[in-house]
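Residue-level structure breakdown
What follows is each chain in one-letter form.
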Amino acid sequence: MIEYDPQRRIWLFSTPTTAYALGLDDDGTPRHVHWGRPLTLEQAAAVPRFRDPADSSFEHPRADRAELPVTGFGPSALQVRFPGGGQEIEWRYEGHAVDGGHLTILLRDRCHPLAVELHYRVHADVDVLERWTVLRHTGDGAPIELLRADSASWAVPHLAAYRLSHVTGAWGSEFRLRRDAAPGGETVLTSRRGVSGHHANPWVMIDDGAAGEEHGEVWSSALAWSGSWRITLHRSPAERLCWSGGFGHEGVTWRLEPGETLETPVFAGLYRPDGFGGTSRSWHAYIARHVLPAASESRPVLYNSWEATGWAVTEEGQKRLAGLAAEVGAELFVMDDGWFGARDSDEAGLGDWTPNPGKFPAGLDGLIAEVHRLGMRFGIWVEPEMVNPDSDLYRAHPDWVLRQPDRRRTLLRNQLVLDFGRPEVAAWAHDWLDRLVAGHAIDFLKWDMNRAFTEAGRPGTGDPGRVWIEHVRGVYEVMDRLRADHPRLRIEACAGGGGRVDLGVLRRTDEAWTSDNTDAVDRIAIQHGYGQIYPTRTMAAWVTDSPHFLTGRELPLRFRFHVAMAGVLGVGGDLSRWSAAERAEAAELVAIYKEIRPVVQHGVHHRLGEPPLTGAQYVADDRVVVLAWRLSSRFGAPPVPLRLRGLDPDARYRDDDTGAVHHGAVLLAHGLPLELPGTDHTSALVRLTRIA
Ligand code: GLA
């Protein structure tokens, strides 16, 4: 998987279907060589070195195509300030080490005590290349200021045009896919909010403007980090495109003390020759095989009480909902916000993690026993990183929150952020979470995070930039310890919906709450964007009430289910307001979901169709599941068949429900006939089995 040519000082990574190569210049600068289709070492050595056509005194001779730019006029991946004011880095190559698919290149600055390791790791079963950087102060003098420490920089070959895909959004409208020409100059995608964000997500895809769902070359990369981040793309006047990315937004710095090491998160890259569909499927496979902690499990159908009760939680009310949830087939009952402290609204109680005595006079065990008696697992909502000023915790520890000296503390949702970078805060959180989980046999935590950072600082620290990074590390550490000590515990990542979904949080959680917006029409677009990188088995999707509380839209129960069945199905409506007929229909649909779950959650995902008729197809071994959604219809419009993907053209497929037999070749070329009624918001679920 890793080859090295010592004469030419070139390393070549070969993944199952792609290659990546880098080399060392005579002066020790690591230089990008190739990222794309497979090459041999000899071919990689023959890749012509790009030179800026102007080649003038206004270009930097060492800057171009650097593996991690530290100098020149484009965006720098590493920006340092040495004691005495020296800046930039002049590399000295010190050697390299290979351990299986992991290459470490050891470099040093020529005159300052800074050692840099460039890490690259490939796996035998996916095309993703993981990259990260380790910086070490090897001296004993003054600290080295790290003004920017990116994980990796990526460069694509020259393309006739450059198109950028990424997602934007907001609370309730996350993961909106954008696909636009990459502008000339620099484009910054970033989060300054302390979380990966609703408004953006730390990944990019680049193609030449002609790639489609199943064809065309696509280069992409995704960052494994759950806090603030920055990805800077640079489309140069010479029509070359590269980008650099890592943790922290501009201004987040790190003072590297003598002997100290800073390791950046992984910024993983993927080249695929088979379009956006192939790109997404490869990311899904990578996340399942190398990121998620328990990917081989199937995620249970959960019921969540939030939309039914809000803060009006009572033991009796929860038990009633649990009974109804069990009736429709839920396997996991999750009690949401409102169970602890003085939590009757969002104005108080966060931080006081003991059951509210008025709501649970005898504690949680009565409810948990009832949930277990009904045959379900029990989960509970927590928001460990937050505190309401109106709480006993804040009254005792007002100094535990992120804050700036002399500045107002901005309240968002009436809460402040606890500084998880402080060991005593992380220890406090671990302690109560550990007691909660162990003391009540809790199977599942919905770990929420409901406000962006403002005035983030830690008065008294000489290095204020650190809090942004240390907070995220503190959260990771608490999650990791809980998982290690409670191997059966499963965690849902949530930040006001999908505000913290990334490869970093998915390494220690099992699913993510995709959006607080559960309107099925809006969800089709949200889920479309989510699935560009993140796999179905992590995408929590609930069926809730109609009309919808945010949009007021009324939608058929079946349509709401068919949209949510394209993820990890849950139910989040007020079941006590559903009619007996609706609950019976829900129970039928939940039973069907359980039957198709192995295919949906563990199969290969293909996106289908174009609006107004779109869908999702999942293939696992001989089984195929198709979910189709048509938003609107027009009288007289001819029926549009949905063309399937990824099937064997020579095989035949039998419809499990009707017995009809289809040729794979016909399904691929002409599509699946769907008998949808002529109304709006119609949907279909088709199960096929390959028969020969
Ligand atoms: C966030 C979550 C919701 C719910 C509320 C509770 O908004 O995304 O699902 O848990 O908090 O306050």
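To be clear, the structure that these remarks concern was listed above.
Note that this is a predicted model, so its numbers are computed, not measured. (Residues numbered from 1 in each chain as written. Predicted model: local features only at pLDDT ≥ 70, side-chain atom pairs only at ≥ 80, totals over all residues. Heavy atoms only, no water.)

Remarks on the side chain of aspartate 502
Within the secondary structure, aspartate 502 sits in the loop between strand E28 (490–493) and helix H9 (503–506). Salt bridges are absent for the buried aspartate 502, whose nearest opposite-charge side chain, arginine 500, sits at 6.0 Å. A distance of 2.7 Å separates a polar atom in the side chain of aspartate 502 from a polar atom in the side chain of serine 226. A distance of 2.9 Å separates a polar atom in the side chain of aspartate 502 from the backbone nitrogen of glycine 504. (Helix = DSSP H or I, 4+ residues; strand = E, 2+ residues; numbered from the N terminus. Buried < 20%, exposed > 50% of the residue type's maximum accessible area, 1.4 Å probe, protein only. Lys, Arg positive; Asp, Glu negative; His and termini not counted. Salt bridge = Lys/Arg side-chain N within 4 Å of Asp/Glu carboxyl O. Polar contact = N/O pair within 3.5 Å; in protein donor to acceptor, adjacent residues only side chain to side chain.)

Considering helix H2 (residues 275–290)
For H2, spanning 16 residues, the distance from its first C-alpha to its last is 22 Å, which sits close to the expected 22 Å at 1.5 Å a residue. Of all the 16 residues making up H2, 15 are buried; the element is thus mostly covered by neighbouring parts of the structure. (Expected span 1.5 Å × (residues − 1).)

Thoughts on empty space enclosed by the protein
The tally for this structure, following the rule as stated, stands at seven cavities of 30 Å³ or more. What the largest cavity holds in volume is close to 70 Å³. Along its surface, the largest cavity is lined by Leu146, Leu147, Arg148, Ala149, Phe247, Gly248, Val252, Thr253, Trp254, Leu262 and Ile469. Of the residues contributing to the lining of the largest cavity, the split by class is eight nonpolar, two polar and one charged. In this model, the second largest cavity occupies a volume close to 60 Å³. If you go around the second largest cavity, the residues you meet are Thr518, Ala520, Arg523, Gln527, Ala541, Trp542, Val543, Thr544, Arg560, Val563 and Ala564. Elements supplying a minimum of two residues to the lining of the second largest cavity: helix H10 (520–530), strand E30 (539–543) and helix H11 (557–564). Classifying every residue of the lining of the second largest cavity gives six nonpolar, three polar and two charged. (1 Å grid on protein atoms, 1.4 Å probe; cavity = no way out; pocket = protein on both sides within 12 Å on 5 of 7 lines; lining within 4 Å. Points joined across faces, edges and corners; volume = space filled by probe spheres on them. Nonpolar A, V, L, I, M, F, W, Y, C, P; charged D, E, K, R; others polar.)

Considering the pairing of strand E3 (residues 19–24)
Among the six residues of E3, six are classified as buried, and the element is accordingly described as predominantly covered. Here E3 shows no split at all, with Ala19, Ala21 and Gly23 on one side and Tyr20, Leu22 and Leu24 on the other all buried. One ladder, built from five bridges, connects strand E2 (residues 10–14) with E3; its direction is antiparallel. Paired with phenylalanine 13 across the two strands is tyrosine 20, which belongs to E3. With six bridges joining them, E3 and strand E4 (residues 30–36) adopt antiparallel strand pairing. Bridge pairing links alanine 19 to glycine 36 in E4. (Pairing = 2+ DSSP bridges.)

Thoughts on the sheet that holds strand E17 (residues 229–235)
In spatial order, the strands read E11-E18-E17-E14; together these four strands make up an open sheet with antiparallel pairing. In the strand order of this sheet, the two ends are held by strand E11 (152–155) and strand E14 (185–191), each with one partner. Direction aside, the axes of adjacent strands within the sheet are offset by 15° on average. (Axes fitted to C-alpha atoms, helices over the stretch in contact; angles between N-to-C directions.)

Description of the layout of surface pockets
Approximately 650 Å³ is the volume found for the largest pocket. Surrounding the largest pocket, 33 residues form its lining, Glu59, Ala63, Asp64, Arg65 and His234 being those nearest its centre. Elements supplying a minimum of two residues to the lining of the largest pocket: E11, E17 and strand E18 (241–247). Partitioning the lining of the largest pocket into residue classes produces 13 nonpolar, 11 polar and nine charged.

Details of the packing of aromatic side chains
For any pair of aromatic rings, the description consists of the separation of the ring centres together with the inter-plane angle of the planes. Following the criterion strictly, the structure yields 27 aromatic pairs and no others. Taken together, a centroid distance of 4.6 Å and an interplanar angle of 35° make the contact between tryptophan 35 and tryptophan 154 tilted. Residue tryptophan 35 is found in strand E4, and its partner tryptophan 154 is found in strand E11; the two are separated by 119 residues along the sequence. Since its relative accessible area comes to 3%, tryptophan 35 is described here as buried. Using a relative accessible area of 0% as the deciding quantity, one classes tryptophan 154 as buried. Between phenylalanine 340 and tryptophan 381, the aromatic rings sit 6.0 Å apart at their centres with planes inclined by 10°, giving stacked as the arrangement. Of this pair, phenylalanine 340 sits in the loop between strand E23 (332–335) and helix H5 (365–373) while tryptophan 381 sits in strand E24 (residues 377–382), and the two are 41 residues apart along the sequence. Taken as a pair, phenylalanine 340 and tryptophan 381 share a single burial class, namely buried. The cationic tip of arginine 131 hangs over the ring face of tryptophan 154; the distance from NZ or CZ to the ring centre is 4.8 Å. (Phe/Tyr/Trp six-rings, centres within 6.5 Å; stacked < 30°, edge-to-face > 60°. Lys NZ or Arg CZ within 6 Å of the ring centre and 35° of its normal.)

So, the packing of H11 against helix H12 (residues 580–602)
At a closest axis distance of 11 Å, the pairing of H11 and H12 adopts a crossing angle of 25°. Between H11 and H12, the angle falls in the class roughly parallel. H11 and H12 meet at a crossing whose hand is right-handed. From H11, Leu557, Arg558, Phe561 and His562 reach across to H12, where they touch Glu582, Glu585, Ala586, Leu589 and Val590. For the contact of H11 with H12, the per-class residue count stands at five nonpolar, one polar and three charged. (Parallel < 35°, antiparallel > 145°, perpendicular 65-115°, else oblique. Left-handed = near helix turned anticlockwise from the far one by under 90°. Contact = heavy atoms within 4.5 Å.)

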